[in-house]
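The lines below spell out each chain.
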Amino acid sequence: MSVTIFTMTHKKFPKPPDPVYMPLHVGRVNAENFGYAGDDTGDNISAKNCYYGELTGVYWVWKNIRTTDYVGICHYRRYFCTEEGRILNERDYLSILQDYDMIVSKRLKLNYSYFDGYASDYNIFDLVTTGEVIRQMYPAYYDAFERLVHENGTYFGNMMVASKELYDEYAEWLFTIFAEVEKRINPGGYDDYHKRVYGFISEFLLYVWVKVKGLKVYECKVGMTTEKYETGQMKEQLAAYFWQGDLTGAKEYFLGVLERRPDVLMEASDITGELKLSMQVIAVCELERQAYGESVLDRVRERHRKTAGSQEKIFAELMRYFGRLNEIVSSCRIKQPGEADIRFLLEEKPSDIATEASARLFITGEKELAEVTECIGKYK
């Protein structure tokens, strides 16, 4: 039995050495040729990549691959991996697929319904229209679509591995739906990010399809090999604002990017959690300046200016500071602060504002909040 995992990419990247992984350049018809196999040969929709994202590769595999027993989809920086972080090899895939119908990403548990989340970031008409097409073309799937869209689960990344037969069945269902949806919506006026409407909605549709089919799926950890380019750019720009002590500029910049790219705070984008920590820096330091006249940012900047530090070092120290404070909150929730936790509190003496902000990231009940802040307060 053979397995081929197609690694969807739109740029040059360091290919995993395992031959089970085959790079597939998506949207190649309108792009530079990197020397990889492209989705612009045979039966293809490569020209629709701006709307479909990696799905133009999913379509190409469906229509043009007949030489492998199992096929899979991953990304140039996202791979299925073990819990320890090792990228799966062919033996791993074949072993898992002896007992499961399909390998998918671990189900995301959102803090809101899928419907509400989509409505907050995208044009909800597109999702509603997709549901209406499913009702008309695949009525057996509609009740599940309506139920699940108002719950908080979904898969992400359009990542999957299955027998070619099962893969083809899914692809035929998905692209038949989207062929009709294309006639009813018009994402042409969206910005480059929001244009990828079919790629976004398909993540949820895979979840619906799996549930209705009653498939036995292996929810696999997804590992990230590199950070998103956009994420790195954001961190560099925020570091520059922090270096200047410009919290207002940092806040306006962050909110502006978030409006255009709401995905930047997803785990799959913010793999180090430093963008979320940057939000915490901005919110806490604004409040500290209002209450005390200075903030932890000001103290960190002063220390580094005396030692000819750089904006990268200031950013790194802020990330360590707030990351440690969040870890200490977790320790105090189980009433087990360690020696390193206590030493940090004694040396840094985080403000009540910083302490409460960290605690509220994890705690909703006022009683537990008071207990945790009291625990931290003993050592400040």
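Residues numbered from 1 in each chain as written. Predicted model: local features only at pLDDT ≥ 70, side-chain atom pairs only at ≥ 80, totals over all residues. Heavy atoms only, no water.

**Student:** Mind showing me how you'd approach helix α4 (residues 114–121) here?
**Tutor:** Because an α-helix completes one turn every 3.6 residues, residues spaced three or four positions apart along the sequence face the same direction. Along α4, the residues that are buried comprise Tyr114, Gly117 and Tyr118. The arc that holds every buried residue of α4, seen down its axis, measures 95°, which confines them to one face. Buried residues in α4 make contact with α5 (124–137), α6 (139–149), β8 (153–154) and α8 (197–213). (Buried < 20%, exposed > 50% of the residue type's maximum accessible area, 1.4 Å probe, protein only. Helix = DSSP H or I, 4+ residues; strand = E, 2+ residues; numbered from the N terminus. Arc of directions from axis to C-beta. Contact = heavy atoms within 4.5 Å.)

**Student:** Is there a simple way to explain the pairing of strand β6 (residues 102–105) in this structure?
**Tutor:** As a general feature of sheets, a regular strand has side chains that alternate between the two faces. Sheet topology note: the β6/strand β9 (residues 160–163) ladder contains three bridges and is antiparallel. Pairing of Ile103 across the sheet is with Val161, part of β9. One ladder, built from four bridges, connects β6 with strand β10 (residues 217–224); its direction is parallel. Considered in β10, the bridge of Ile103 is made with Tyr218. (Pairing = 2+ DSSP bridges.)

**Student:** Quick question: what am I supposed to make of the nonpolar core here?
**Tutor:** Nonpolar side chains in soluble globular proteins tend to end up buried together. Residues Val61, Met102, Phe175, Phe178 and Trp209 are the most contacted members of the largest nonpolar core, which totals 57 residues. Beyond its immediate sequence surroundings of up to four residues, Met102 is in contact with Leu97, Met160, Val161, Ala162, Leu166, Leu206, Trp209, Val210, Lys216, Val217 and Tyr218. Counting residues in hydrophobic clusters, the runner-up holds 40 residues, among them Leu238, Ala239, Ile328 and Val372. (Core = buried A, V, L, I, M, F, W, Y, C linked by side-chain atoms within 4.5 Å.)

**Student:** What is the right way to read unusual backbone geometry from this model?
**Tutor:** A negative phi angle is the norm for most residues apart from glycine, just as the trans form is the norm for most peptide bonds. Phi is positive for Asn158, close to 55°, though the residue is something other than glycine. On the basis of relative accessibility, which here comes to 1%, the residue Asn158 falls in the buried class. Phi is positive for Lys335, which is not a glycine, with a value near 55°. Within the secondary structure, Lys335 is located in the loop between α13 (311–333) and α14 (339–348). Judged by its relative accessible area of 60%, Lys335 is exposed.

**Student:** Quick question: what am I supposed to make of the layout of surface pockets here?
**Tutor:** In this approach, a probe sized like a water molecule rolls over the atoms, and the result shows the empty space that is left. Quantified by volume, the second largest pocket comes out at close to 250 Å³. Taken together, Thr272, Gly273, Lys276, Leu277, Met279, Gln280, Gly323, Asn326, Leu361 and Phe362 make up the full set of residues lining the second largest pocket. At the level of secondary structure, the elements contributing two or more residues to the lining of the second largest pocket comprise α11 (274–292) and α13. Among the elements that make up the lining of the second largest pocket, the one with the highest residue count is α11 (four residues). Per-class residue counts for the lining of the second largest pocket are four nonpolar, five polar and one charged. (1 Å grid on protein atoms, 1.4 Å probe; cavity = no way out; pocket = protein on both sides within 12 Å on 5 of 7 lines; lining within 4 Å. Points joined across faces, edges and corners; volume = space filled by probe spheres on them. Nonpolar A, V, L, I, M, F, W, Y, C, P; charged D, E, K, R; others polar.)

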